[in-house]
Amino acid sequence: MKATWDIFCSVVDNYGDIGVTWRLARQLAAEHSCAVRLWVDDLQPFTRLCPGADATAAQQWHDGVSVCHWSKDWQPTEVADVVIEAFACRLPPAYFDAMPKRSLPPLWLNLEYLSAEQWVSGCHALPSPQPNGLRKIFFFPGFRPDTGGLLREAGLLDRRHAFQQDIGAQRAFLQGLGVEPVENARLISLFAYENAGLANWLEVLAQDPRPTHLLVPEGRILSDVQRWLEVDELRAGAVQRRGALTVQILPFVRQDDYDRLLWSCDFNAVRGEDSFVRAQWAGRPLLWHIYQQDDDAHWLKLDAFLEMYLKGLSPAASEALRNLWRAWNSGNEMGQRWSELQLHWPQVTKHAEHWCLEQASQADLAAALVLFYLNWL
Ligand code: TRH
């Protein structure tokens, strides 16, 4: 009999909560034959990641996953073998009460946020007693072998390699998005939160001898792009030229197509958690706009990642990349930092692939979860 998994996702903001849980749910169903229900309290953002979805359905099937609306009016349901609360969301009280009453109480996991910080290794898989008598396990994704690893579907890197070697497939994919790459241009994708440092970066790209084709999926950074271009409105399909820079707005696409976009570009600016990981699997240099936390805890996370990621680069290349990332996350001017990074481009590009392969040598998060469950039984 298939093991049953319930994944609870409360959408706090943006696309990260649903992005991570939807990806995990799909992989558990497709690769580990799990019967997965994904409970989501707000289905609206899900319809952007999965265009066939219905934002109002109580239950719907997509890619072998039963996607259920987690409504305030909770109806009793059978407790699954494995219960995952994503990012410390609170389970429905009735479900919480029902868990210890099950003949075999479930494995209960809290899936944590991703961080490269050292302490994660010590906290990964630790149990904590809960008021309903059960123990909840804190499961941490991560970059180190003693964490839960990163989400990575089977065969992902093979598919990516094949795509990156197939110029025709890349052209067809980009054409499908309405993109005709400017000749000899470097292709950059830009997915980020609002950022005061953008204008100066665009300025430098516009004045560069080498053309740049900047692909911007619809989203929060658009207001800054619009301001710099001095246009009233930007929608998917819009193309604007300023000097050597072509700016093109793209529609928000399904997750698998977003992967292909990252694989097609020479450089990817990403944000949050899931797009950040996907850009690493693209094997191309990246720029991370980390999700800002009130207490500035994001700087510790950013520096912890850089400390791991920059290993193996020359001191000069390492400094150039660190400076670029820090400038972006401070909202500082980017132009100078970008120009400095160009001096190390071949090295930084090679390094991105190396990092990707190194990370891919570790078990992926879905496999780690399944193994944890089997050992727990
Ligand atoms: O959207 P994000 O900023 O999400 C989050 C949330 O803010 C969350 O609360 C916070 O804790 C977390 O970041 C760190 O960034 P993220 O995680 O990259 O999620 C974006 C998702 O959208 C990801 O799954 C990729 C997907 N995506 C597409 O599917 N198509 C697209 O065109 C684009 C641009 C993204």
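Residues numbered from 1 in each chain as written. Predicted model: local features only at pLDDT ≥ 70, side-chain atom pairs only at ≥ 80, totals over all residues. Heavy atoms only, no water.

Enquirer: Help me understand the packing of aromatic side chains in this model?
Expert: Each pair of aromatic rings is reported with the distance of its centres and the angle of its planes. Tallied over the full model, the rule gives 36 aromatic pairs. Consider the rings of Phe 8 and Trp 39, whose centres lie 6.0 Å apart with planes at 10 degrees: the pair is stacked. Of this pair, Phe 8 sits in strand S1 (residues 4–9) while Trp 39 sits in strand S2 (residues 35–40); the two residues are 31 residues apart in sequence, bridging distant segments of the chain. Residue Trp 39 is classed as buried on the basis of its relative accessible area of 8%. Their ring planes at 70 degrees and their centres at 6.3 Å tell us that Phe 143 and Phe 276 sit as a pair that is edge-to-face. Remark: Phe 276 occurs in helix H10 (residues 274–281) and Phe 143 occurs in the loop between strand S8 (135–139) and helix H5 (156–165); sequence separation between them is 133 residues. (Phe/Tyr/Trp six-rings, centres within 6.5 Å; stacked < 30°, edge-to-face > 60°. Helix = DSSP H or I, 4+ residues; strand = E, 2+ residues; numbered from the N terminus. Buried < 20%, exposed > 50% of the residue type's maximum accessible area, 1.4 Å probe, protein only.)

Enquirer: I would appreciate a short explanation of the site of the ligand in the present structure.
Expert: Surrounding the ligand, one finds 22 residues, the nearest of these being Asp 13, Tyr 193, Val 253, Asp 274 and Ser 275. Contacts to the ligand include Tyr 193, whose side-chain N or O atom sits 2.5 Å from an oxygen atom. Ser 275 places a side-chain nitrogen or oxygen 2.5 Å from an oxygen atom of the ligand. Within the complex, the protein chains bury 97% of what would otherwise be the 710 Å² of accessible surface of the ligand. A majority-of-atoms criterion places the ligand in the largest pocket. Listing elements by their share of the shell around the ligand, those giving two or more residues are helix H1 (16–32), helix H9 (255–264) and H10. (Near = heavy atom within 4 Å. Polar contact = N/O pair within 3.5 Å; in protein donor to acceptor, adjacent residues only side chain to side chain. Areas by Shrake-Rupley, 256 points an atom, 1.4 Å probe, with all protein chains shown as cover. 1 Å grid on protein atoms, 1.4 Å probe; cavity = no way out; pocket = protein on both sides within 12 Å on 5 of 7 lines; lining within 4 Å. Sits in = over half its atoms within 2 Å of the grid points.)

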